[in-house]
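Results of the structural survey
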Amino acid sequence: MRESIPLEVFQLDDGYQKHWGDWVPSKDFPEDMREVSGSILRHGFKAGIWLAPFAVDKKSDLAKEHPEWLIKNKRGKLANSGSVGYYFYGLDASRPEVMEFAKGQLEKVTKHWRFNYLKVDFIYAAVLADGDRYDYTRTRAQIADHAVREIRNAVGDEVFLVGCGCPLGSGIGFFNAMRIGPDVDRTWFPFLKWDKWNLPGARNAVRNTITRSFMHRKWWVNDPDCVLFRSSTLFKDEEIIGIATVVALGGGMLMLSDDMAQIPQHRYKIATSLMPPSNLAAIPLDLFQAEEPSELLLRLDGATGPWMLLALCNWEHSVADKTFWLSRLFPTEEKSLHVLEFWTQRYSRMKSSEPIKARIHAHSAVLFAIRVAENDSVASYIGSDFHVTSGLEVVTMSSSSTKLQLELNVKRSTKDAHVTVFLPFDPQLGVKTSGSANDPIRKAERVGPDHRIWKVPVGLSETGGKLIIEGN
């Protein structure tokens, strides 16, 4: 399975500890957590762990032993920091002894337990808006800034540090990656449907991923939360495609939180098509026109030349028809275009003066790879069905009027995969394929009414392969 899903990190999430605040292993985990990190590292992964150093469970020993550390509201009562099915408390980071405790836990999990990937959650709990605090000589912003500096100092520069539940401005410059929205959850809507920003739910996660895409690779790597592919969620397949499209065009981290055995094969193919991530973020074209932007554009350049990815999304609650005029992308002169929709693999030859028209399921998206047809006398690449960018899978390409040669690599093995290409060969002769990426069993076939468009089967190993396509 690892050959087809090249994951890099194995992260232990919430649940290993006795209580929030009591950061020791529960009875279900080894007393020496180096056994866990060591096993993860030996299998070739980064060893990740989750920690919330400023969040405290009401039942914890810490809450009983140091009640003075807990943030109180203006009425003198313990302040709730939020709800995760139950309410929890926050530690006052303006207290020196609280910071020493937090640094001690951070050093324990990284230096003693030897985890080299750390997700630090619920950082906001240390600086609650309505909370009283020990030190009023500093503002909440200054306290938060000091807290995140001390977090980084405690773990060192060698640890990959992910922030979550963090005041975003305070996190700039200290975290390798940052969660930029709420948990995705198992449903499209949060349990309070009127909330569009904070509560767990795919709608809110997607919205934040789009509107905060500009932060990616400028402040940190964006973390949009995991994509859930298993069948036990309440997501329809079309909603999975909508979420996957936004995550792919966000360019940030790709996290899975599924038992792989529970992922249906067709969703497994969606998951693998996102790997490896492009690391490039699309621009929401309608960011200032729509509350929930639905037009995403990513301009790319690579071995196949320049191309664009255009996602049209439908965040309404029923099927919708969308129209997008290609002249918005090509305003100066008319071009002939190769247009391939990734999820359906439908190909169209279009003019840049024409509109793309798409019928889109509720909470879903369509994704078009758009290339200018520069020269119809030379073979060219149109896209693939095994990498969502329809182009970054190509390492090198050479083409002529009689041959197209591709070096393909997605750092994982592929099965039942295809590339779509334009071949200006004599249609009566057909094509022959060869190379290490060639599938000797399945045959190339024409796509649609244009006899020059071919769908060619490929098979790749983890190290990639070469595909040579020639006229017979």
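What this report covers is the structure whose coordinates are included nearby. (Residues numbered from 1 in each chain as written. Predicted model: local features only at pLDDT ≥ 70, side-chain atom pairs only at ≥ 80, totals over all residues. Heavy atoms only, no water.)

A closer look at the overall build of the chain
- Check the secondary structure of the chain and you find 8 helices and 26 strands.
- Here the C-alpha atoms of the chain give a radius of gyration of 25 Å, agreeing with the 23 Å that 2.2 N^0.38 yields for 472 residues.
- C-alpha atoms of the chain, sized along the principal axes, occupy 85 × 50 × 35 Å.
- The 472 residues of the chain split such that 54% are buried.
- Once local pairs closer than 6 in sequence are excluded, the contacts in the chain between residues at least 24 apart make up 68%.
- When the accessible surface of the chain is split by element, carbon and sulfur atoms take 51% of a total near 21,600 Å².
- Counting 58 positive and 58 negative side-chain charges, the chain places the averaged centre of each group 1 Å from the other. (Helix = DSSP H or I, 4+ residues; strand = E, 2+ residues; numbered from the N terminus. Rg over C-alpha atoms; globule rule 2.2 N^0.38 Å. Buried < 20%, exposed > 50% of the residue type's maximum accessible area, 1.4 Å probe, protein only. Contact = heavy atoms within 4.5 Å. Areas by Shrake-Rupley, 256 points an atom, 1.4 Å probe, with all protein chains shown as cover. Lys, Arg positive; Asp, Glu negative; His and termini not counted. Charge placed at Lys NZ, Arg CZ, Asp CG, Glu CD.)

A word on helix 1 (residues 34-42)
- Among the residues of helix 1, those classed as buried are Val36, Ser37, Gly38 and Ile40.
- The inward-facing, buried residues of helix 1 abut strand 1 (9-12) and strand 4 (46-51).
- Directly after helix 1, the chain includes Gly44, whose backbone phi takes a positive value near 90°.

Let's talk about the nonpolar core
- Membership of the largest hydrophobic core comes to 56 residues, with the highest contact counts inside it found for Tyr16, Ile49, Phe54, Leu91 and Leu118.
- Put simply, the parts of the chain that give this core at least two residues each are helix 1, strand 4, strand 5 (55-56), helix 2 (61-65), helix 3 (96-112), strand 7 (117-120) and helix 4 (140-155).
- Broken down by element, the residue count for this core peaks at 7 residues, all from helix 4.
- Leaving out residues up to four positions away in the same chain, Leu91 has contacts with Pro53, Phe54, Val56, Leu62, Trp69, Leu70, Ile71, Val98, Phe101, Ala125 and Ala126.
- Counting 44 residues, the second-largest nonpolar core is a separate cluster that includes Cys226, Met260, Ala282 and Leu309. (Core = buried A, V, L, I, M, F, W, Y, C linked by side-chain atoms within 4.5 Å.)

Re the pattern of salt bridges
- Counted under the stated rule, the structure contains 24 salt bridges.
- The salt bridge partner of Lys27 is Asp28, with a shortest N-O separation of 3.7 Å.
- A salt bridge links Arg230 to Asp258, with the shortest nitrogen-to-oxygen separation between them at 2.6 Å. Of this pair, Arg230 sits in the loop between strand 10 (221-223) and helix 7 (237-250) while Asp258 sits in the loop between helix 7 and helix 8 (265-273); the two residues are 28 residues apart in sequence, bridging distant segments of the chain.
- Each of Arg179, Asp183, Asp223 and Asp225 takes part in a single network of salt bridges with overlapping partners. (Salt bridge = Lys/Arg side-chain N within 4 Å of Asp/Glu carboxyl O.)

Overview of unusual backbone geometry
- The omega torsion across Met275 and Pro276 is -5°, close enough to zero to call that bond cis.
- In this structure, Asn279 takes a positive phi of about 70° despite not being glycine.
- Note on placement: Asn279 falls in the loop between helix 8 and strand 11 (283-284).
- The exposure class assigned to Asn279 is partly exposed, which follows from its relative accessible area of 35%.
- Unusually for a residue other than glycine, Lys411 sits at a positive phi of about 60°.
- Along the chain, Lys411 falls in the loop between strand 21 (403-408) and strand 22 (414-422).

Focus on the side chain of Glu393
- Among the structural elements, Glu393 can be located in the loop between strand 19 (380-384) and strand 20 (394-399).
- Arg371 is the oppositely charged side chain nearest to the buried, salt-bridge-free Glu393, at an N-O distance of 6.1 Å.
- Separated by 2.5 Å, the side chains of Glu393 and Tyr381 make a polar contact.
- Within the structure, Glu393 has its side chain in polar contact with the backbone nitrogen of Gly391 (distance 2.7 Å).
- The residues touching Glu393, leaving out its near neighbours within four places in the chain, are Tyr381, Gly383, Ser384, Phe386, His387, Glu407, Leu408, Asn409 and Val410. (Polar contact = N/O pair within 3.5 Å; in protein donor to acceptor, adjacent residues only side chain to side chain.)

Concerning the packing of helix 7 against helix 8
- Helix 8 packs onto helix 7 with a crossing angle of 5° between their chain directions and a minimal axis gap of 11 Å. Considered as vectors, helix 7 and helix 8 are oriented roughly parallel to each other. For the pair formed by helix 7 and helix 8, the contact residues are Asp237, Ile240, Ile241 and Ala244 on the first element and His266, Arg267 and Ile270 on the second. (Axes fitted to C-alpha atoms, helices over the stretch in contact; angles between N-to-C directions. Parallel < 35°, antiparallel > 145°, perpendicular 65-115°, else oblique.)

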